[in-house]
There are 2 protein chains.
Amino acid sequence: MEKHFDQELDALKSEILKMGALVENSIAESVESLKQLSEERARKVIAHDKMVDQMENAIDEMCVDLLALYQPMAADLRFITMVLEITTDLERIADLGVDIAQRVLELTGKPLLKPLVDIPKLAQLAQRMTKEALDAFVRKDAEMAKRVILLDNEADKLRNFVQKELLEDYMMKDPTTAPRALPLLLVARHLERICDHATNIAEDVIYMIEARVVKHHPELLQDK
Amino acid sequence: MEKHFDQELDALKSEILKMGALVENSIAESVESLKQLSEERARKVIAHDKMVDQMENAIDEMCVDLLALYQPMAADLRFITMVLEITTDLERIADLGVDIAQRVLELTGKPLLKPLVDIPKLAQLAQRMTKEALDAFVRKDAEMAKRVILLDNEADKLRNFVQKELLEDYMMKDPTTAPRALPLLLVARHLERICDHATNIAEDVIYMIEARVVKHHPELLQDK
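Keep in mind that what you see is a predicted model, and the values were worked out from it rather than measured.

Caption draft 1: Geometry of the overall build of chain A. On a plain count of helices and strands, chain A comes out with 6 helices and 0 strands. By the compact-globule yardstick of 17 Å for 224 residues, chain A fits well, its C-alpha radius of gyration being 19 Å. Of all intrachain contacts in chain A linking residues separated by at least 6 positions in sequence, the fraction that spans at least 24 positions is 83%. Summed over its atoms, the accessible surface of chain A is roughly 9400 Å², and 52% of this surface lies on carbon and sulfur atoms. Across chain A, 30 positive and 42 negative side-chain charges occur, with their mean positions spaced 5 Å apart.

Caption draft 2: Up close: the side chain of Asp49 of chain A. Residues and elements named next belong to chain A. Topologically, Asp49 is positioned in helix H2 (residues 39–70). The buried charged residue Asp49 lacks any salt bridge, with Lys50 as its nearest oppositely charged partner at 9.1 Å. Residues within four places of Asp49 in sequence aside, it is in contact with Ala94, Asp95 and Val98.

Caption draft 3: The nonpolar core, seen in detail. With 151 residues, the main nonpolar core has Leu12, Ile80 and Leu191 of chain A together with Leu12, Ile80 and Leu191 of chain B as its most contacted residues. With sequence-adjacent residues up to four places away left out, Ile80 of chain B is seen in contact with Phe5, Leu9, Leu12, Cys63, Leu66, Leu67 and Pro72 of chain B.

Caption draft 4: Broad picture of the relation of the copies chain A and chain B. The transformation that overlays chain A on chain B combines an axial shift of 0.0 Å with a rotation of 180 degrees, and the residual RMSD is 0.0 Å. Read as a symmetry element, the transformation amounts to a two-fold axis. If distances are taken from each C-alpha of chain A to the rotation axis, the shortest is found for Pro175 of chain A, at 2.6 Å. Same-surface contact between copies: 100% of interface residues of chain A are shared with the interface of chain B.

Caption draft 5: Representation of the interface of chain A and chain B within the structure. Tallying the contact residues gives 43 residues for chain A and 43 residues for chain B. Between chain A and chain B, roughly 3800 Å² of surface is buried when both sides are summed, and carbon and sulfur atoms account for 57% of that area. The interface formed by chain A and chain B holds 6 salt bridges in total. One salt bridge connects Asp99 of chain A with Arg193 of chain B, and the closest N-O pair in it is separated by 3.0 Å. Counting across the interface, chain A meets chain B through 6 residue pairs in polar contact (both at pLDDT 80 or more).

Caption draft 6: Summary view of the environment of Leu96 of chain A. With respect to the helices, strands and loops of the structure, Leu96 of chain A is situated in helix H3 (residues 74–107). Distance in space between the C-alpha atoms of Leu96 of chain A and Ile27 of chain A is 8.0 Å, their sequence separation being 69 residues. With residues near it in sequence (within four places) discarded, Leu96 of chain A still touches His190, Arg193, Ile194 and His197 of chain A together with Arg193 of chain B.

Caption draft 7: Structural view of the pattern of salt bridges. Under the criterion given, the structure shown has 35 salt bridges over all chains. Lys146 of chain A is the partner of Glu143 of chain A in a salt bridge, and the nearest nitrogen-oxygen pair spans 3.9 Å. Of the two residues, Glu143 of chain A and Lys146 of chain A both sit in helix H5 (residues 142–171), 3 residues apart, roughly one turn of that helix. Relative accessible area serves as the criterion here: at 8%, Lys146 of chain A is assigned to the buried category. The network of salt bridges with shared partners includes Asp89 of chain A together with Glu91 and Arg92 of chain B.

Caption draft 8: How the structure looks around the packing of H3 of chain A against helix H3 (residues 74–107) of chain B. The interhelical angle for the contact between H3 of chain A and H3 of chain B, taken along N-to-C directions, is 45 degrees, at an axis separation of 10 Å. Here H3 of chain A is positioned oblique relative to H3 of chain B, judged by the angle of their axes. Pair H3 of chain A / H3 of chain B crosses with right-handed handedness. Within the contact between the two elements, H3 of chain A uses Thr81, Leu84, Glu85, Thr88, Asp89 and Arg92 of chain A and H3 of chain B uses Thr81, Leu84, Glu85, Thr88, Asp89 and Arg92 of chain B. Its residues assigned to classes, the contact of H3 of chain A with H3 of chain B shows 2 nonpolar, 4 polar and 6 charged.

Caption draft 9: Up close: the packing of helix H4 (residues 118–139) of chain A against helix H6 (residues 178–210) of chain A. All names here are of chain A. Between H4 and H6, whose axes approach to 9 Å, the crossing angle comes to 15 degrees. The angle between the axes of H4 and H6 places the two elements in the roughly parallel class. Crossing of H4 against H6: the hand is left-handed. For the contact of H4 with H6, the class distribution of residues is 21 nonpolar, 2 polar and 1 charged.

Caption draft 10: Focus on helix H4 (residues 118–139) of chain B. End to end, H4 of chain B covers 31 Å across 22 residues, agreeing with the expected 32 Å (1.5 Å per residue, within 8%). Lys140 of chain B lies just past H4 of chain B and shows a positive phi near 50 degrees.

Caption draft 11: Local environment of the confidence of the model for chain A. For chain A, the mean per-residue pLDDT works out to 91, and 93% of the residues sit at or above 70. No element of chain A has a lower mean pLDDT than H3 of chain A, at 92, and none a higher one than H5 of chain A, at 96.

Caption draft 12: Local environment of the packing of aromatic side chains. All names here are of chain A. Under the defined criterion, the tally for this structure stands at 4 aromatic pairs over all chains. Here Phe79 and Phe137 contribute two aromatic rings whose centre-to-centre distance is 5.1 Å and whose plane-to-plane angle is 10 degrees, an arrangement assigned as stacked. Placement of the pair is Phe79 in helix H3 and Phe137 in helix H4, with a sequence separation of 58 residues. Residue Phe79 shares its accessibility class with Phe137, and that shared class is buried.

Caption draft 13: Inspection of the environment of Gly97 of chain A at higher detail. Residue and element names in this part refer to chain A. Locating Gly97 in the fold gives a position in helix H3. The exposure class of Gly97 is buried, given its relative accessible area of 0%. It is 5.1 Å that separates the C-alpha atoms of Gly97 and Ile27, two residues lying 70 residues apart in sequence. For Gly97, the residues in contact, after removing those within four places along its chain, are Ser26, Ser30 and Val45.

Caption draft 14: Quick look at the side chain of Ser26 of chain B. By the secondary structure assignment, Ser26 of chain B is in helix H1 (residues 2–35). In this structure, Ser26 of chain B is in contact with Val45, His48, Ala94 and Gly97 of chain B, ignoring residues within four places of it in sequence.

Rules and cut-offs
- Residues numbered from 1 in each chain as written.
- Chains lettered and ligands numbered in written order.
- Predicted model: local features only at pLDDT ≥ 70, side-chain atom pairs only at ≥ 80, totals over all residues.
- Heavy atoms only, no water.
- Helix = DSSP H or I, 4+ residues; strand = E, 2+ residues; numbered from the N terminus.
- Rg over C-alpha atoms; globule rule 2.2 N^0.38 Å.
- Contact = heavy atoms within 4.5 Å.
- Areas by Shrake-Rupley, 256 points an atom, 1.4 Å probe, with all protein chains shown as cover.
- Lys, Arg positive; Asp, Glu negative; His and termini not counted.
- Charge placed at Lys NZ, Arg CZ, Asp CG, Glu CD.
- Buried < 20%, exposed > 50% of the residue type's maximum accessible area, 1.4 Å probe, protein only.
- Salt bridge = Lys/Arg side-chain N within 4 Å of Asp/Glu carboxyl O.
- Core = buried A, V, L, I, M, F, W, Y, C linked by side-chain atoms within 4.5 Å.
- Least-squares fit on C-alpha atoms with pLDDT ≥ 70 in both.
- Buried area = accessible area lost by both parts, 1.4 Å probe.
- Polar contact = N/O pair within 3.5 Å; in protein donor to acceptor, adjacent residues only side chain to side chain.
- Axes fitted to C-alpha atoms, helices over the stretch in contact; angles between N-to-C directions.
- Parallel < 35°, antiparallel > 145°, perpendicular 65-115°, else oblique.
- Left-handed = near helix turned anticlockwise from the far one by under 90°.
- Nonpolar A, V, L, I, M, F, W, Y, C, P; charged D, E, K, R; others polar.
- Expected span 1.5 Å × (residues − 1).
- pLDDT = per-residue confidence, 0-100.
- Phe/Tyr/Trp six-rings, centres within 6.5 Å; stacked < 30°, edge-to-face > 60°.

See the structure below:
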């Protein structure tokens with residue numbers, strides 16, 4: 001029984017990583033569709049989201065089955081309840097990839113307002129934070145998770161910078177740019193929200209490892 | 001043992017409703033602070049959010065303890081894993097209340113761009129959907145949950161209407177309105193996102209009752 005349980009836990013871990021890879025791909029592809037203003041690529045991101053939804057359902061079912069079948073205790077129990085929370089965050093990240101793709105559909109047919117500089121930077125940060133939060137989870141590496149949390153400030157700064165530029169240098173100077181500036185501004189907000197979800201996952205990882213509530217108690221990060 | 005478990009389940013249910021009431025209050029207060037452009041009220045919403053975070057942690061701990069202590073099966077197991085997902089949604093709804101309050105802080109000191117009509121309507125819808133989703137959960141009422149899901153279209157319509165008006169009648173006609181129009185536009189988006197979370201909760205309720213995956217499978221709603 002014990003051996004089967006360990007095998008099933010490994011399978012669960014591998015499914016979470018697969019779901020993570022799908023979600024990272026969705027962020028990368030949504031921003032690529034923006035760079036190229038490609039309706040076709042944007043529609044692929046939207047269609048692709050069904051796979052992520054199916055994975056969330058399948059992994060949640062695996063968790064409920066594991067709880068029912070093995071009634072795990074302590075660390076294993078906490079691991080499985082954390083998976084339930086992490087899949088929720090991953091699914092929302094994929095939804096934000098869809099949100100970005102929908103902004104792209106609002107933009108196609110018109111030239112891009114300006115060359116994209118900070119949005120791709122923010123997208124890279126969002127992918128990195130998502131990937132490292134999941135790596136920290138699989139490796140049970142609290143230090144790595146803490147580094148992810150610290151990156152969130154940078155995401156906030158980049159988002160604020162993009163928003164200020166689009167508002168002050170475009171929308172306010174030339175109001176005809178507003179319909180093209182607003183979707184870009186929202187893309188920056190969607191990407192920053194992805195970084196928030198990656199931060200949530202990192203907080204869950206620390207919670208799982210240290211079994212104390214760092215989530216909503218960032219001051220606890222400082223006493224290490 | 002059985003009796004204690006039932007008592008603890010009832011306690012869990014009552015805590016979820018308390019958390020729901022806090023969250024509904026946070027939506028109502030954030031929109032009230034917008035109507036009055038009251039910095040003081042907005043700051044109260046932001047401060048108040050800590051209570052919601054603490055409740056989420058406390059309820060999640062209750063769930064893990066219940067799983068460890070009683071190793072419940074079938075319907076009870078599913079109920080408890082659903083509570084873990086519902087608290088995540090409730091906590092995000094409260095965060096969106098904070099987002100609205102932050103938009104209010106960006107607006108205070110300047111007159112409101114226009115009398116608010118559709119934003120309060122959208123706020124009422126967001127509160128109603130949140131409340132009814134939780135009522136459906138406590139009463140295990142799948143029909144009520146389905147009605148919540150159907151309301152989400154109305155939320156999308158209101159949000160689109162607010163956004164179109166602010167963009168076309170304000171930002172594009174008079175670019176100096178952009179810094180006052182953008183926060184209002186974002187408030188409408190935050191409220192619509194609250195409706196999405198209420199919809200998620202309603203989907204979880206149906207899932208719990210019917211033990212089939214309506215979440216991400218809206219077509220299943222139709223075969224009833």
